[in-house]
Structure formats: C-alpha cells, structure tokens
Amino acid sequence: MKSYKKILLTAAASLIIGTQAFAAEKLRIGTEGAYPPFNLIDASGQVVGFDLDISHALCAKMEVECEVVTSDWDGIIPALNARKFDFLAASMSITEERKNAVDFTDHYYTNKLQFVAPKSVDFKTDKGYLRGKVIGAQRATIAGTWLEDNMDGVVTINLYDTQENAYLDLASGRVDGILADTFVQWEWLKSDAGKDFEFKGEPVFDDDKIAIAVRKGNDELRERLNKALAEIIADGTYKQINEKYFPFSIY
C-alpha cells in the first residue's frame, strides 16, 4: 500500500512539474533580420546578431522563453501593434513620431550617422559639394529622415527597403554615397563588398538612442525589460555581448 501511495505521490509531483513547465511564460521577439551585425539571418536560417543576443539575455533575466519573429522594416511597428510579437528589438531609434505609436525602454546602445563613399573619391559632406549628388539611405530610418530634413533640394535622395539594397546600389555606382548608422557601416566596410569604400567626414549626428519598443501602455513589460537591461549591464553580460561584435563600447 505504501509503495502504491509513493507511486501516486511521484506521479502527482511529476504532473505538477510538467504543468508548471507547460505554463512557462513565452514572449515573441520581433526583428527585421536584414541589418547586420545587429540582426541578420545566418546560413542555417537562424536569426542572429547583437539585437538578438541582447534580447535573449533579457529573456534569461526575466526567466521567460522567447522566440524570434521577423518582419519587413516598413511594417515592423504595425506588426508589433497587431500583436505578431511582444517586443521589438530591431535597432530602432527613439523618435517623437514613433513615441506616438509605441513605448520605448531605456536605450541599449547609442548610434551615430555617417557617410560612406568610394575611397577613390574626394567626397565632402558639405552642401556645396553634395549639391546634385545621389545619396542613399534605408527608408523609415533616422538616416533617411536626416537627409530629408537637411538635404532636401540639395541632393537626390534614394530610399531603400533594406540597408543591404542600399549597399548594392553604392557598389554598382548608382548612388554617390550612403548615409547610415556608423556601426552598421563599420561592419560592411570590413567585408569584401565594402573594401573599396570608407567613412567620409565626421558623424553628422552622434546621439541617436536605440531602444526596445513595446505596445503603448504595456508598462509592465517595459519595466521588466528595463530591470533586466540594468541587470545585464551591471553583471557584465552586456559588455561580453558588446565585445563579441565591436572592439569599442557602443552603449
């Protein structure tokens, strides 16, 4: 009889543990998957990069299971608000316009904007030199907005659905230069495709704060993410991830 009771107790305990495991909280991370080294799809089909390493570290601190969902950049905020994922980690800049659509966590890195053009060209960044030039940027980004605000009527602005497509046009000579995030440019310049190009001039903007976005009013998740972010900064996890991608701090 005692053995039978022991079996029942063991089975009940297993059922409770199994139920708890089944009920583990799951969150979906939204990202683009076309913005190396921050988010990209590797040869095995996995979405990887700085944004994802940070996100998975935050999920570990929050003790939740996370999966990754990709979305085209142009529709990434509508996808978040349509509940296709729970939070958005896609190197998104905090802007007043975006604050009308989403809420942001504390920043997890600081971006700069800088021009890249062929090494063989004495490319200047003043309006006098740039007048009549064709400059590319990714659509719906800080770089694209900066060009529209500061270079409208001076240059022809070509906007692209992905940063990769902007680089293809730069490499083929269809644009004279590209304006984009310094750290993304830095990564591309190290590649074979970017070996004949270089930074031109100083950054035109150097205090672009990048954060995770959540749906408006989701203060509970935003604060949990902020707490986890503070923890990975304090315990050195952030530094380890940073050093995996860059030999300098981007925080």
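What you see is a predicted model; the values in this text were computed from it and never measured.

A. How the structure looks around the packing of helix 2 (residues 50-62) against helix 10 (residues 237-245). Between helix 2 and helix 10, the least distance of the axes is 10 Å, while the angle of their chain directions is 160°. By the angle between their axes, helix 2 is roughly antiparallel relative to helix 10. Where helix 2 crosses over helix 10, the two elements pack in a sense that is right-handed. For the pair formed by helix 2 and helix 10, the contact residues are Phe50, Asp53, Ile54 and Ala57 on the first element and Thr237, Tyr238, Ile241, Asn242, Lys244 and Tyr245 on the second. Of the residues assigned to the contact of helix 2 with helix 10, the class counts are six nonpolar, two polar and two charged.

B. View of the pattern of salt bridges. Under the counting rule described, the total for this entry stands at 18 salt bridges. With a shortest N-O distance of 2.7 Å, Arg174 and Asp169 are connected by a salt bridge. A residue is classified by how much of its surface remains accessible, and Arg174, at 52% relative accessible area, is exposed. The shortest N-O distance in the salt bridge between Glu243 and Lys239 comes to 2.5 Å. Taken as a pair, Glu243 and Lys239 lie in helix 10 at a separation of four residues, close to a single helical turn. Under the relative-accessibility criterion, Lys239 is labelled exposed at 52%. Three or more residues are tied together by salt bridges with common partners; here these are Glu25, Glu220 and Arg224.

C. Fine view of the state of the cysteines. In this structure the tally under the stated criterion is one disulfide. Between the sulfur atoms of Cys59 and its disulfide mate Cys66 the distance is 2.0 Å. The S-S bond linking Cys59 to Cys66 shows a torsion near -85°; that makes this disulfide left-handed. Judged by its relative accessible area of 2%, Cys59 is buried.

D. Spotlight on the side chain of Asp169. Structurally, Asp169 can be placed in helix 7 (residues 163-172). A residue is classified by how much of its surface remains accessible, and Asp169, at 14% relative accessible area, is buried. Apart from the residues within four sequence positions on either side, Asp169 is in contact with Tyr160, Arg174 and Val175.

E. Here's a closer look at the pairing of strand 7 (residues 102-118). The buried count for strand 7 comes to 15 of 17 residues, which makes it a mostly enclosed element. Pairing of strand 7 with strand 11 (residues 197-215) involves 12 bridges; the strand directions are antiparallel. Within the sheet, the bridge partner assigned to Tyr109 lies in strand 11 and is Ile210. Bridge analysis of strand 7 against strand 10 (residues 177-181) gives four bridges, and the strand direction is antiparallel. Looking at strand 10, one finds that Gln114 is bridged to Ala180.

F. Summary view of the environment of Phe205. One can find Phe205 in strand 11. Among the residues examined, Phe205 registers a relative accessible area of 33% and is labelled partly exposed. Taking the C-alpha atoms as reference points, Phe205 and Leu113, separated by 92 residues in sequence, lie 5.2 Å from one another. In this structure Phe205 touches Asn111, Lys112, Leu113 and Ile142, once residues within four positions along its chain are discounted.

Cut-off values and rules
Residues numbered from 1 in each chain as written. Predicted model: local features only at pLDDT ≥ 70, side-chain atom pairs only at ≥ 80, totals over all residues. Heavy atoms only, no water. Axes fitted to C-alpha atoms, helices over the stretch in contact; angles between N-to-C directions. Helix = DSSP H or I, 4+ residues; strand = E, 2+ residues; numbered from the N terminus. Parallel < 35°, antiparallel > 145°, perpendicular 65-115°, else oblique. Left-handed = near helix turned anticlockwise from the far one by under 90°. Contact = heavy atoms within 4.5 Å. Nonpolar A, V, L, I, M, F, W, Y, C, P; charged D, E, K, R; others polar. Salt bridge = Lys/Arg side-chain N within 4 Å of Asp/Glu carboxyl O. Buried < 20%, exposed > 50% of the residue type's maximum accessible area, 1.4 Å probe, protein only. Disulfide = S-S within 2.5 Å. Pairing = 2+ DSSP bridges.

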